[in-house]
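In case you want the letters, here they are:
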Amino acid sequence: MFNNRITRRRSLWLGLGALATIGMSNKFIHTYYGGNMRALGETNQDFTVVGTASLRQRAAAKGLIYGAAANYETLSVDTGLANSLIQECGMLVPEGELKWGFVQGIRNQFDFTQGDWLANFASTHNMLFRGHTLVWHLVLPEWFDEIVNQQNAEGIFTEHIATVTQHYAGQMHSWDVVNEAIDIDDGRADGLRQAPWLQLLGPDYIELAFRVAAEADPNALLVYNETAFEYDTPRDEARRIAILNLLERLKSRGTPIHGLGIQSHLLGDGKPYFNAQKFRQFLADVASLGLKIFITELDVTDDVLAFDIDNRDRIIAEVYEDYLSTVLDEPAVIAVLTWGLSDKVTWLSDYAPRADSEAVRPLPLNSNFQRKLAWNAIARAFDNAPTR
Ligand code: XIL
């Protein structure tokens, strides 16, 4: 659902994953995907980092922003997480508190309590704040199906966007206005998902969302956010084409859209499927539309990698550095956010758990908030990035 490669893989690999885990040495991870065996071996990449500067400092030195997602439930009580975020991050994005189902869980009752707490945390610690997400087909409130119909949909849609965007006007660096509107499996020529809002309002719901948000907060950067198109597979290529077509349509109509968000939920064994040249070209195509690019939800799932923690961390770090060294070559990329900061709090524990039930290790800091090789990889990518 969020990243159907993970979902699909979990079903495919439940058995194979266990097989691969059982049948391999610590040195090599042989996994099967679509019938092609891929050897994922020990990486000998050097992850040396110069100095102790934080990710925030290293990004800022190149005119970039580094941040992370966090949620009120953990951040408000975990001082280790709070201190790490303050040290490492120049931007904060609420993991869920600004989604429709959280903010307007009860019809006509807007609850900004937790979002405001997070906004205050960010401003107190001189962090930029970004909103996620005004329009999505998921995390809709329970009353949606009961109440929303063809007659009242536009009013409810525009009222929600305007109310939430106005509430945070002046505080928001950028908003994910629409999230995950593409699903080529739904068979539309434009590749759009048969999302509830498309069924109620037609494909122009996307343009409408941006126009309402722009009127409510003329200063926030307005972003279209999308997932699962980072790899050199027919499916991801088709999704990239649909995304570019959508962006071109929006721009051709003068829609107030300022950027593309690339969620970047990467696969720990995805290296053989990442084509840096093709992805650079895609990024350049997006930039040629005059759009900025945000890496919005970066993490690297290790659900099918062997248990060996040192080797797993090395493979994960290599994925981070290979991907970021590619995307940061594109000057239109202005921000990198990981979807979480510490392995202690990651959505992947639920959405891409390991078959061996061991803790997943997708993020820059371990569960004790210590820097991992993934941190080194991100630091090196910032250090080696062209200055904006
Ligand atoms: C996820 C959160 O991290 C989870 O805690 C929640 O249960 C489901 O949503 N893409 C997105 C994010 O755009 O909103 C999703 O966040 C992860 C995938």
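Scope of this entry: the structure provided in the associated data block. It should be emphasised that the depicted structure is a prediction, and the values quoted were computed from it without experimental measurement.

1. Describing unusual backbone geometry
Peptide bonds are trans in most cases, and residues, glycine excluded, mostly fall at negative phi.
Stage number 1. Put simply, His-132 and Thr-133 share a cis peptide bond, and its omega is -10°.
Stage number 2. Structurally, Thr-133 can be placed in strand β5 (residues 128-135).
Stage number 3. At Asn-126, a position not held by glycine, the phi torsion is positive, near 55°.
Stage number 4. Along the polypeptide, Asn-126 turns up in the loop between α6 (113-124) and β5.
Stage number 5. A positive phi is found at Ser-264, a non-glycine position, where the angle reads about 65°.
Stage number 6. Mapped onto the fold, Ser-264 is located in the loop between β8 (259-262) and β9 (265-267).
Stage number 7. By relative accessible area, which is 0% here, Ser-264 ends up buried.

2. As for the packing of helix α8 (residues 153-167) against helix α10 (residues 205-216)
Stage number 1. In contact at an axis separation of 8 Å, α8 and α10 are set at 35° when each is read in the N-to-C sense. Crossing geometry of α8 relative to α10 is assigned as right-handed. Here Glu-154, Phe-157, Thr-158, Ile-161, Ala-162, Thr-165 and Gln-166 of α8 lie close against α10, whose contacting residues are Tyr-205, Leu-208, Ala-209, Val-212, Ala-213 and Ala-216.
Stage number 2. Its residues assigned to classes, the contact of α8 with α10 shows nine nonpolar, three polar and one charged.

3. So, α10
Along an α-helix, residues three or four apart share an orientation, since each turn contains 3.6 residues.
Stage number 1. Over its twelve residues, α10 runs 16 Å from end to end, which matches the ideal 16 Å to within 8%, given 1.5 Å per residue.
Stage number 2. Here α10 lies mainly inside the structure; nine of its twelve residues are buried.
Stage number 3. Where α10 is buried, its residues meet β5, α8, β6 (174-179), α9 (196-201), β7 (221-226) and α11 (234-252).

4. With respect to the side chain of Asp-183
Stage number 1. With respect to the element layout, Asp-183 can be found in the loop between β6 and α9.
Stage number 2. For Asp-183, a relative accessible area of 12% puts it in the buried group.
Stage number 3. A polar contact is formed between the side chain of Asp-183 and the backbone nitrogen of Asp-185, at a distance of 2.9 Å.
Stage number 4. For Asp-183, the residues in contact, after removing those within four places along its chain, are Gly-191, Leu-192, Arg-193 and Arg-239.

5. Topic: the pattern of salt bridges
Stage number 1. For the coordinates displayed, the defined rule picks out 22 salt bridges.
Stage number 2. Put simply, Arg-188 and Asp-190 hold a salt bridge, and the shortest N to O gap is 2.6 Å.
Stage number 3. Taking relative accessible area as the criterion, Arg-188 reaches 25% and is therefore assigned partly exposed.
Stage number 4. The shortest N-O distance in the salt bridge between Arg-211 and Glu-207 comes to 2.9 Å. Of this pair, Arg-211 and Glu-207 are both found in helix α10, four residues apart, which corresponds to roughly one turn of the helix.
Stage number 5. Accessibility expressed as a relative area gives 35% for Arg-211, which makes it partly exposed.

6. Here we look at α8
Stage number 1. For α8, with 15 residues, the first-to-last C-alpha span of 21 Å sits near the 21 Å given by 1.5 Å per residue.
Stage number 2. Those residues of α8 that fall on the buried side of the exposure criterion are Ala-153, Ile-156, Phe-157, His-160, Ile-161, Ala-162, Val-164 and Thr-165.
Stage number 3. Tucked into the core, α8 has its buried residues touching α5 (100-103), β5, α7 (143-147), β6, α9 and α10.

7. A word on the packing of aromatic side chains
Stage number 1. Following the criterion strictly, the structure yields 18 aromatic pairs and no others.
Stage number 2. With a centroid separation of 5.4 Å and 85° between ring planes, the pair formed by Tyr-72 and Trp-117 is classed as edge-to-face. Of this pair, Tyr-72 sits in helix α3 (residues 72-75) while Trp-117 sits in helix α6; the two residues are 45 residues apart in sequence, bridging distant segments of the chain.
Stage number 3. Judged by its relative accessible area of 26%, Tyr-72 is partly exposed.
Stage number 4. The class of Trp-117 is partly exposed, set by a relative accessible area of 30%.
Stage number 5. Summarising the aromatic geometry, the rings of Phe-129 and Tyr-168 are spaced 6.1 Å apart at their centres and angled 55° between planes, so their arrangement reads as tilted. One end of the pair, Phe-129, is in strand β5; the other, Tyr-168, is in the loop between α8 and β6, with 39 residues separating them in the sequence.

8. Here's the deal with the site of the ligand
Stage number 1. Around the ligand, a shell composed of 13 residues is seen, among which Glu-95, Lys-99, His-132, Glu-297 and Trp-339 lie nearest.
Stage number 2. Here a nitrogen atom of the ligand sits 3.4 Å away from a polar atom, N or O, in the side chain of Glu-180.
Stage number 3. Within the contact set of the ligand, an oxygen atom lies 3.2 Å away from a side-chain nitrogen or oxygen of Tyr-351.
Stage number 4. Taken by itself the ligand offers 410 Å² of open surface, and the protein chains cover 84% of this.

9. Section: the pairing of β7
Stage number 1. Along β7, six of the six residues are buried, which leaves the element largely enclosed by surrounding structure.
Stage number 2. In β7, alternate side chains face the same way, and those of Leu-221, Val-223 and Asn-225 on one face and Leu-222, Tyr-224 and Glu-226 on the other are all buried.
Stage number 3. Bridge count between β6 and β7: five bridges; the pairing is parallel. Each bridged residue has a counterpart across the sheet, and for Val-178 the counterpart in β7 is Tyr-224.
Stage number 4. Pairing geometry for β7 and β8, over four bridges, is parallel. Across the sheet, the residue bridging to Glu-226 is Ile-262, located in β8.
Stage number 5. In the classification by handedness, the crossover that spans β7, the intervening α11 and the parallel β8 is right-handed.

About the cut-offs
- Residues numbered from 1 in each chain as written.
- Predicted model: local features only at pLDDT ≥ 70, side-chain atom pairs only at ≥ 80, totals over all residues.
- Heavy atoms only, no water.
- Helix = DSSP H or I, 4+ residues; strand = E, 2+ residues; numbered from the N terminus.
- Buried < 20%, exposed > 50% of the residue type's maximum accessible area, 1.4 Å probe, protein only.
- Axes fitted to C-alpha atoms, helices over the stretch in contact; angles between N-to-C directions.
- Left-handed = near helix turned anticlockwise from the far one by under 90°.
- Contact = heavy atoms within 4.5 Å.
- Nonpolar A, V, L, I, M, F, W, Y, C, P; charged D, E, K, R; others polar.
- Expected span 1.5 Å × (residues − 1).
- Polar contact = N/O pair within 3.5 Å; in protein donor to acceptor, adjacent residues only side chain to side chain.
- Salt bridge = Lys/Arg side-chain N within 4 Å of Asp/Glu carboxyl O.
- Phe/Tyr/Trp six-rings, centres within 6.5 Å; stacked < 30°, edge-to-face > 60°.
- Near = heavy atom within 4 Å.
- Areas by Shrake-Rupley, 256 points an atom, 1.4 Å probe, with all protein chains shown as cover.
- Pairing = 2+ DSSP bridges.
- Right-handed = clockwise from strand over helix to strand, strands pointing away.

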